[in-house]
Amino acid sequence: MEFRGPYFAAAGAKIERALQRAKQFPRTKGGFHDALAAAGIKFDEFRDPWGHPYYADFHSEESYYDRPQIYTYEEYRGLRESRKRLIPSKRTFLVVNVKSAGQDGIPDTYDDFALVSFFRAIETSSKPEQETPSARSRLSPAGTGSITGVLIDPSGASIPNVLVTLNGSYSTRTNSSGKYTFGGMPGGYFRLTFQSPGFQTGVLDLVPVEPDHVTKADFVLQIGSVTESVEVRAAPNTVATSNAELAASGNRSIATPRVREYFPETLYWNPELITDASGRAAVPVKLADTITTWHIAVIASSEDGRITETSADLRAFQPFQVDLDVPPVLTVGDQITL
């Protein structure tokens, strides 16, 4: 037997609301029944088409996806740009399936089927950064060179304790003044990666090193996602930030903007459109994603051979961006809203 349509949809919606109000997502039969009972739902009273009670199945699932990360890339004495890379990540879900025992009334047999499933994400992990050994000695023997620089934020303040990685093989951290140094290096070109909580990852590529020379390689780390409100207080020179993903608390969903992809050269063409008795006609036309002005041309003819034509312009536009204009300097006691 096959079931299609909104069967059990109303009961499933009630159960979902009850699970949302529960302090913890249930992992056992007892916890599941307690969460429903707290919402006034008696699960044992539900019956399948054969009059058998339903049962709940509990397990966990894992899904793998690529998490995008935005970072700042710059070549030595070149242009700076934002780039995106994908980080392999894993998300673990708790799953509760409400099942029917089927016609035979025996759970966990061949004719069982699931009516509705409930999911909750409990853990999200990403591929850990590869551990790198500490940087070699800062003393540069004869015939070798060194790289040194200072890490600052957009306001010009130095950033201490930034993890600086050289070619993915050696690492060091900036001191209290935001300065780092790599010494004893052979001649060539190197890549530096800068990482610090609250800032976008920075990459400085093609840094030249010459024997018996010191290469100066300063870098500006861009601040990551910040909170909506900013209050300047008399405190040590630190930057308070938080990940924008944390704003999505509870079970609220965040809508994904639709990507513009419909860009036809001709929006609409109809060689024959018959008007009604009063000479009127209407057709629905889906506007393209193009922000432009469309030129409409119409040629009409009557049954007795009379011809006329006309044209008009149709402007298609929708606000699609905002500019964030914040003061470059804040004083103690100032408050702004982003």
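Calculation criteria
- Residues numbered from 1 in each chain as written.
- Predicted model: local features only at pLDDT ≥ 70, side-chain atom pairs only at ≥ 80, totals over all residues.
- Heavy atoms only, no water.
- Helix = DSSP H or I, 4+ residues; strand = E, 2+ residues; numbered from the N terminus.
- Buried < 20%, exposed > 50% of the residue type's maximum accessible area, 1.4 Å probe, protein only.
- Contact = heavy atoms within 4.5 Å.
- Patch = residues over 30% accessible without salt bridge, like charges linked within 9 Å, V, L, I, M, F, W, Y side chains within 5 Å.
- Areas by Shrake-Rupley, 256 points an atom, 1.4 Å probe, with all protein chains shown as cover.
- Salt bridge = Lys/Arg side-chain N within 4 Å of Asp/Glu carboxyl O.
- Pairing = 2+ DSSP bridges.
- Expected span 1.5 Å × (residues − 1).
- Arc of directions from axis to C-beta.
- Phe/Tyr/Trp six-rings, centres within 6.5 Å; stacked < 30°, edge-to-face > 60°.

## What to know about the overall build of the protein chain
Counting its secondary structure elements, the protein chain contains two helices and 15 strands. Evaluated residue by residue, the protein chain yields a buried proportion of 27% over its 338 residues. For the protein chain, contacts bridging at least 24 residues in sequence account for 59% of all contacts bridging at least 6.

## A word on a nonpolar patch on the surface
Judged by side-chain polarity, Tyr268, Leu273, Val283 and Val285 come together as a nonpolar surface patch covering roughly 320 Å² of accessible area. Tracing the chain through its elements places Tyr268 in the loop between strand S12 (229–231) and strand S13 (292–301).

## As for the pairing of strand S5 (residues 163–166)
The side chains of a regular strand alternate between both faces of the sheet. In this sheet, strand S6 (residues 170–173) lies alongside S5 in antiparallel orientation, the contact comprising four bridges. Bridging from a neighbouring strand, Val164 pairs with Thr172 of S6. Here S5 folds back onto S6, and the loop between the two strands holds three residues, one of which, Asn167, carries a positive phi near 55°. For S5 and strand S8 (residues 188–195), the ladder comprises four bridges, and the chain directions are antiparallel. Along S8, the bridge assignment pairs Val164 with Phe194.

## Points about helix H1 (residues 9–21)
The first and last C-alpha atoms of H1 sit 19 Å apart over 13 residues, in line with the 18 Å expected at 1.5 Å per residue. Within H1, the full set of buried residues consists of Ala11, Gly12, Ile15, Ala18 and Leu19. Each buried residue of H1 sits inside an arc of 120° when the element is viewed along its axis, so together they form one side. Projecting away from the buried face of H1 at angles above 90 degrees are the exposed residues Ala10 and Arg21.

## A word on the packing of aromatic side chains
Inspection of every chain in the model, using the stated rule, returns seven aromatic pairs. The interplanar angle of 85° and the centroid separation of 5.3 Å between the aromatic rings of Phe32 and Phe43 together place this pair among those described as edge-to-face. In this pair, Phe32 is assigned in helix H2 (residues 29–38) and Phe43 in the loop between H2 and strand S1 (55–75), connecting sequence segments eleven residues apart. One exposure class covers both Phe32 and Phe43, and it is buried. An aromatic cluster of at least three residues, connected via ring pairs, comprises Phe32, Phe43, Phe46 and Phe58.

## Quick notes on unusual backbone geometry
Not every positive phi belongs to a glycine, and Asn161 is a case in point at roughly 60°. Along the polypeptide, Asn161 turns up in the loop between strand S4 (145–152) and S5. Here Asn161 falls in the partly exposed class, since its relative accessible area comes to 47%. The phi angle at Leu206 is positive, at roughly 55°, despite the residue not being glycine. With respect to the helices, strands and loops of the structure, Leu206 is situated in strand S9 (residues 201–209). Taking the relative accessible area as the measure of exposure, Leu206 reaches 40% and is therefore partly exposed.

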